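Secondary and tertiary structure notes
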Amino acid sequence: MHISIIGSGYVGLVTGACFAELGNIVTCADNDTKKISELKRGAIPIYEPGLKELIFANTRKKRLKFTTDIGGAVKSAEIIFLAVGTPALENGDADLTGIEHVARNIAINMNSYKVIVEKSTVPVETGKWVKHTIETYHKRGIKFDVASNPEFLKEGRAINDFMHPDRIVIGVESKKARDTLVNLYKPLNAPIVVTDIKSAELIKHASNSFLATKISFINALARICDKVGADITEVAMGMGLDKRIGRAFLNAGIGYGGSCFPKDLDAFITISEKLGYNFELLKAVRDINETQKDFFLEKIKEKLWILKDKTIGILGLSFKPDTDDIRNAPSIAIIEALKAEGAKIKAYDPCCMAKINKEVRKGLKFCKDAYEACRGSDCLLIVTEWDEFKELDFAKVKKLLKRPLIIDGRNVYDPQVMKKSGFNYIGIGRGKHE
Ligand code: UGA
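Worth saying up front: this structure is predicted, and the values here are computed from it rather than measured.

To continue, consider the overall build of the protein. Looking only at helices and strands, the protein has 18 helices and 14 strands in total. For the protein, whose C-alpha radius of gyration is 24 Å, the value lies close to the compact-globule estimate of 22 Å for 434 residues. Its C-alpha atoms give the protein principal-axis dimensions of roughly 75 × 45 × 40 Å. Intrachain contacts of the protein at a sequence separation of at least 6 include 72% that bridge at least 24 residues. By element, 55% of the accessible surface of the protein is carried by carbon and sulfur atoms, the whole surface being about 19,600 Å². Once the 67 positive and 56 negative side-chain charges of the protein are each reduced to a mean point, those two points are 3 Å apart.

Laid out in structure tokens, this is it:
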């Protein structure tokens, strides 16, 4: 099939490369000329395992191309995916100006029947507005369908998630759109849920909100564990073996970050409010997530007392491992809070140091590896659980640190092993061992 993806950001690029890999002819379009010329040169703007190789292979086979000509991309495709950003506005609403702009562009350039698919995360009823916008600006009476096909990719695992999804959700209003999209996804052999557009839009916000709820639930429970001297990882295991609950997304830590959960929760809370429902449960989820960073900071202060002029080593800056994404990363808020107390910070991340902005960089020393961050530090913080931190030489770490104190925001290590190795090891909700 001929597919165009409008918006060559994270979702757009992964979706485009994967559809090309499945044998479709794909055009990825974006109005960012710099990004498109870089992509044409083979420079991939994001770090995602396997993406570069997939883009190279499919560009070579002429199944994948990049363009700034949105009109041309509209004309050449049978299926058009909207994958433009929907960032949060000040009031928490999703900013849908990109979606509206593309909808008008499609209306003006539409030359034959198209299925226009929302891929970006959008509030419920956006499909209705996309349809209305295209009807308003399209003058030639050509038929089209709007559909919703939310994306469930996780950064760092995106290619695998695309190729082996738990489910594919398709929201449609016509048999023609349904058949087109079911056919497109057939090679993946995954369960397909076909529904109306509004339900599909809701499935996306509901899924992200539910996952965020699991995280905040386990983080709240971790605070109780610390108070009574229990171990959150054992509690999560005991709960998670119940198939109705499941172990996934029950890892306590310093709270969720990234470009999706915080933004999507805000948007879902706001849209619910507009619809006349006060989604208090999600407000509590958000609140727990915000205060989880304070909980971590309190642990640091409990051990170090005065932070002024103390040196703190930080391992991991990205919002989670295997990505260079630092959007809404808990590390940023933690660094700012430590700096405000006068601490000196030495940080190391395998991938995203270059992405830290000037303001955060001030007073921050980047290190060439994890050991460098340990050298002369009063304490070592684990902020992102990159695999390479799991295999450190702890005898060396101990020698390099000024005192053997590790405060682990991701519960990466076994507290017993750390204790035996001579560390004062503090985790999240692991009071049993402290
Ligand atoms: C999330 C969803 O998992 C995807 O299904 C969805 O497609 C995507 O948002 C999106 O809407 O685009 P992502 O933000 O890439 O994916 O990352 P996750 O793996 O879900 O992690 C989000 C945050 O939760 C990270 O900061 C992670 O450290 C944290 N987390 C996750 C925990 O603190 N504990 C857990 O048990 C799991």
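This paragraph deals with the sheet that holds strand 11 (residues 364-366). The strand order 11-10-9-12-13-14 describes an open sheet built from six strands, whose pairing is parallel. Each having just a single partner strand, strand 11 and strand 14 (424-426) make up the two edges of the open sheet. If you compare each strand with its neighbour and ignore which way they point, the axes differ by 20 degrees on average. One ladder, built from three bridges, connects strand 12 (residues 379-382) with strand 13 (residues 405-408); its direction is parallel. The partner of isoleucine 382 across the bridge, within strand 13, is aspartate 408. Sheet strands in contact with helix 12 (residues 280-304) are strand 9 (311-315), strand 12, strand 13 and strand 14, and its direction is about 165 degrees off that of strand 13.

Here the focus is the environment of alanine 43. You can see alanine 43 is positioned in the loop between helix 2 (33-41) and helix 3 (51-60). Residues alanine 43 and phenylalanine 56 lie 13 residues apart in sequence; the distance between their C-alpha atoms is 9.8 Å.

The next thing to look at is the environment of valine 11. Mapping valine 11 onto the fold places it in helix 1 (residues 10-21). Distance from valine 11 to phenylalanine 152, taken between C-alpha atoms, is 9.6 Å for residues 141 residues apart in sequence. Apart from the residues within four sequence positions on either side, valine 11 is in contact with Ala83, Lys119 and Glu151.

Glancing now at the packing of aromatic side chains. Applying the stated rule across the entire model yields 12 aromatic pairs. An angle of 40 degrees between the planes, with centres 6.4 Å apart, marks the rings of phenylalanine 162 and tyrosine 185 as tilted. Taken as a pair, phenylalanine 162 in helix 7 (residues 158-163) and tyrosine 185 in helix 8 (residues 175-185) lie far apart in primary sequence, 23 residues in all. The interplanar angle of 80 degrees and the centroid separation of 5.8 Å between the aromatic rings of tyrosine 256 and phenylalanine 261 together place this pair among those described as edge-to-face. Given a relative accessible area of 7%, tyrosine 256 falls into the buried group.

Let us now look at the domain arrangement of the protein. For the protein, the domain assignment lists domain 1 (2-195) and domain 2 (230-433). Spacing between the C-alpha centres of domain 1 and domain 2 amounts to 34 Å. Across the boundary between the two partners, domain 1 contributes 19 residues, which contact 19 residues of domain 2. In terms of surface lost to domain 2, no three residues of domain 1 exceed Tyr47, Asp93 and Glu155, which account for 42% of the buried area on that side.

Now for the pairing of strand 4 (residues 79-82). Of the two faces of strand 4, the one lined by Ile79 and Phe81 and the one lined by Ile80 and Leu82 are each fully buried. In this sheet, strand 4 lies alongside strand 1 (residues 2-6) in parallel orientation, the contact comprising four bridges. Along strand 4, the bridge assignment pairs isoleucine 6 with leucine 82. In terms of strand pairing, strand 4 meets strand 5 (residues 114-118) through four bridges, oriented parallel. When the sheet's bridge partners are listed, isoleucine 79 is paired in strand 5 with valine 115. Handedness of the crossover joining strand 4 and strand 5 through helix 5 (residues 97-109) is recorded here as right-handed.

Around the ligand, a shell composed of 19 residues is seen, among which Phe152, Leu153, Glu155, Lys204 and Asn208 lie nearest. One nitrogen or oxygen atom from the main chain of glycine 257 is found 2.9 Å from an oxygen atom belonging to the ligand. Between the ligand and arginine 410 there is a distance of 3.0 Å, counted from an oxygen atom to a side-chain nitrogen or oxygen. Taken together, the elements giving at least two residues each to the shell around the ligand come down to helix 9 (197-228) and helix 11 (261-274). Per element, the largest residue contribution to the shell around the ligand is three residues, and it comes from helix 9. Both domains that meet at the shell around the ligand, namely domain 1 (2-195) and domain 2 (230-433), each give it at least three residues.

Rules behind the numbers
Residues numbered from 1 in each chain as written. Predicted model: local features only at pLDDT ≥ 70, side-chain atom pairs only at ≥ 80, totals over all residues. Heavy atoms only, no water. Helix = DSSP H or I, 4+ residues; strand = E, 2+ residues; numbered from the N terminus. Rg over C-alpha atoms; globule rule 2.2 N^0.38 Å. Contact = heavy atoms within 4.5 Å. Areas by Shrake-Rupley, 256 points an atom, 1.4 Å probe, with all protein chains shown as cover. Lys, Arg positive; Asp, Glu negative; His and termini not counted. Charge placed at Lys NZ, Arg CZ, Asp CG, Glu CD. Pairing = 2+ DSSP bridges. Axes fitted to C-alpha atoms, helices over the stretch in contact; angles between N-to-C directions. Phe/Tyr/Trp six-rings, centres within 6.5 Å; stacked < 30°, edge-to-face > 60°. Buried < 20%, exposed > 50% of the residue type's maximum accessible area, 1.4 Å probe, protein only. Domains from an automatic or database assignment. Buried area = accessible area lost by both parts, 1.4 Å probe. Right-handed = clockwise from strand over helix to strand, strands pointing away. Near = heavy atom within 4 Å. Polar contact = N/O pair within 3.5 Å; in protein donor to acceptor, adjacent residues only side chain to side chain.

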